[in-house]
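Fold and contact review
The lines below spell out each chain.
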Amino acid sequence: MSTLPLLELDRASRSFRLAALFARARAVDALRDVSFRLEAGKALALVGESGSGKTTCARAIAGMIDLTAGQIRFRGENIAEHRSRKAQRDYAHAVQMVFQDPFSALNPTHTVRHHLARPLKLHRQALNDLDEAIRQALAAVELDPETTTGKYPHELSGGELQRVNLARALAVGAELVIADEPTSMLDVSIRRSVIDLIRRLKAERGVAFLIITHDIATASHLADDIAIMFAGQIVEQGPAEEVICAPQHPYTKLLLAALPGSGRSRDKERDSGEDFSAHAEAIRAATRESPAPLTEWRPGHLVRRVGRDTI
Ligand SMILES: Nc1ncnc2c1ncn2[C@@H]1O[C@H](COP(=O)(O)OP(=O)(O)O)[C@@H](O)[C@H]1O
Ligand SMILES: [Mg+2]
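Residues numbered from 1 in each chain as written. Chains lettered and ligands numbered in written order. Predicted model: local features only at pLDDT ≥ 70, side-chain atom pairs only at ≥ 80, totals over all residues.

**Some points on the overall build of the protein**
Helices and strands together make up the secondary structure of the protein, namely 12 helices and 12 strands. Computed over its C-alpha atoms, the radius of gyration of the protein comes to 21 Å, within 12% of the 19 Å expected for a compact globule of 311 residues. Residue burial in the protein is summarised as follows: out of 311 residues, 37% are buried. Considering only residue pairs separated by 6 or more positions, the protein has 65% of its internal contacts joining residues 24 or more positions apart. (Helix = DSSP H or I, 4+ residues; strand = E, 2+ residues; numbered from the N terminus. Rg over C-alpha atoms; globule rule 2.2 N^0.38 Å. Buried ≥ 20, exposed ≤ 12 C-beta atoms within 10 Å, placed from the backbone. Contact = placed C-beta atoms within 7 Å.)

Given below as structure tokens:
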């Protein structure tokens, strides 16, 4: 049996050159030395504030942008070396993205049936009963085939649309689903049921999920492992329970303290927005002053130590 992980990032880095309005062109290090492994049937959450590099990481894994350094390996193969059409097509099928806005990926003029029929026909050449395959694809995401097949996107709720998006990803044979804020636009009541569905898909079908979110609470419900991103780097990573119950990096502690019901008084919550930004800025400054390597705190739980204890 192979011991290769499904997905492995090895010091993945990406910088963007900004257009030079003035004499010197500046570059943004959107992703710096990001390394992690993700196994089939597991979920890893990338958690971080806006601008921390989460989407850049997702786009690099999906092959939409190249790295400037480091490697992304899928089943041990460097994806930058996929040269043949077939290798690229197989990878494009194996890695699917699901986006925050559940409407965005669907065509408003086509029915659910149409959205599933195309990928099913593309992926399963020897398919002889398309209607049965569509029924199965909908049942797999807990939608009622009888009432859903003929509907248009505007006739479905946000939660139902996100289920259709997941069904499409599975229909093309996804082994890895990259979900960028998959539940942040859903009502709280629906959010939980989509989270439960994702948990079931990974456990029962062995699909791996890379969950991208700014919300550490969603991450804790969905993920086996959590990686905290801050300014393009992973500052802490480990098993979800460990990171939540024994956070080591000041930014992880800050994210947890900002959760509702984390024990702060109402007065404190009133100022929380400003507090959060000021605190995050202090951590950013300390990180810039003394960059630290990611080191193992406990087996499997890594952290970048920040110089000053005061933050
Ligand atoms: N195409 C691009 N050109 C220039 N800068 C970019 C581009 N894409 C992302 N960035 C920059 O890289 C950093 C990380 O962005 P992003 O990956 O979108 O973060 P997140 O998804 O965590 O909000 C930001 O500073 C952003 O402005
Ligand atoms: Mg983003």
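**Overview of the pairing of strand β4 (residues 69-74)**
Strand residues, when the strand is regular, have side chains that alternate between the two faces of the sheet. Pairing of strand β1 (residues 7-17) with β4 involves five bridges; the strand directions are antiparallel. When the sheet's bridge partners are listed, Ser-13 is paired in β4 with Ala-69. Judged from the two bridges that link them, β4 and strand β5 (residues 77-78) form a sheet pairing that is antiparallel. Note on β5: the bridge partner recorded for Arg-73 is Asn-78. Hairpin connection from β4 to β5: two residues lie between these consecutive antiparallel strands, with Arg-75 at a positive phi of about 50°. (Pairing = 2+ DSSP bridges.)

**Brief notes about the sheet that holds strand β3 (residues 43-47)**
With mixed pairing, the eight strands of this open sheet are ordered in space as β6-β7-β8-β3-β9-β10-β12-β11. Edge positions in the sheet fall to β6 (95-98) and β11 (294-298), since each of these pairs with one other strand and no more. Ignoring strand direction, the axes of neighbouring strands in this sheet form an average angle of 20°. Pairing of β3 with strand β9 (residues 225-230) involves four bridges; the strand directions are parallel. Looking at the pairing, Val-47 lines up with Ile-228 of β9. Of the strands in this sheet, β3, β9 and β10 (233-239) touch helix α10 (residues 250-257), which is tilted by about 105° from β9. (Axes fitted to C-alpha atoms, helices over the stretch in contact; angles between N-to-C directions.)

**Looking at the sheet that holds β5**
One open sheet accounts for four strands, arranged β2-β1-β4-β5; its pairing is antiparallel. Each having just a single partner strand, β2 (27-38) and β5 make up the two edges of the open sheet. In terms of strand pairing, β1 meets β2 through eight bridges, oriented antiparallel. Note that in β2 the partner of Leu-9 across the bridge is Phe-36. Its contacts with the sheet put helix α1 (residues 54-61) on β1, β2 and β4, and the angle it makes with β2 is roughly 65°.

**Some points on the packing of helix α3 (residues 112-123) against helix α6 (residues 158-171)**
Interaxial distance between α3 and α6 falls to 8 Å at its minimum, and their mutual angle equals 15°. Regarding the angle of α3 to α6, the classification is roughly parallel. For the crossing formed where α3 meets α6, the hand is right-handed. Of the residues in α6, those in contact with Val-112, His-115, Leu-116, Pro-119, Leu-120 and His-123 of α3 are Val-164, Ala-167, Arg-168 and Ala-171. In terms of residue class, the contact of α3 with α6 is made up of seven nonpolar, two polar and one charged. (Parallel < 35°, antiparallel > 145°, perpendicular 65-115°, else oblique. Left-handed = near helix turned anticlockwise from the far one by under 90°. Nonpolar A, V, L, I, M, F, W, Y, C, P; charged D, E, K, R; others polar.)

**Describing the nonpolar core**
In summary, soluble globular proteins display a tendency toward joint burial of nonpolar side chains. Counting residues in hydrophobic clusters, the biggest one holds 74 residues, and the most contacted among them are Ala-45, Leu-210 and Ile-211. For this core, the element with the highest residue contribution is α6, accounting for seven residues. Those residues in contact with Ala-45 that lie beyond four places of it in its chain are Ile-211, Thr-213, Ala-219, Leu-222, Ala-223 and Ile-226. (Core = buried A, V, L, I, M, F, W, Y, C linked by C-beta atoms within 7 Å.)

**Considering unusual backbone geometry**
Even without a glycine there, the phi angle at Asp-33 is positive, about 50°. Looking at the secondary structure, you find Asp-33 in strand β2. One non-glycine residue, Ala-231, lies in positive phi territory at about 50°. By the secondary structure assignment, Ala-231 is in the loop between β9 and β10. Look at Ala-231 and you get partly exposed, because 19 C-beta atoms sit within 10 Å.

**Quick notes on α1**
Most of α1 sits out of view: six of its eight residues are buried. For α1, every residue scored as buried is listed here: Lys-54, Thr-56, Cys-57, Ala-58, Ala-60 and Ile-61. Downstream of α1 by a residue or two, Gly-63 has a phi angle that is positive, lying close to 80°.

**With respect to the site of ligand 1**
Taken together, Phe-16, Val-28, Ala-30, Gly-48, Ser-50, Gly-51, Ser-52, Gly-53, Lys-54, Thr-55 and Thr-56 make up the full set of residues near ligand 1. Listing elements by their share of the shell around ligand 1, those giving two or more residues are β2 and α1. Among the elements that make up the shell around ligand 1, the one with the highest residue count is α1 (three residues). Looking at the shell around ligand 1 residue by residue, the class counts come to three nonpolar, seven polar and one charged. (Near = placed C-beta within 6 Å.)

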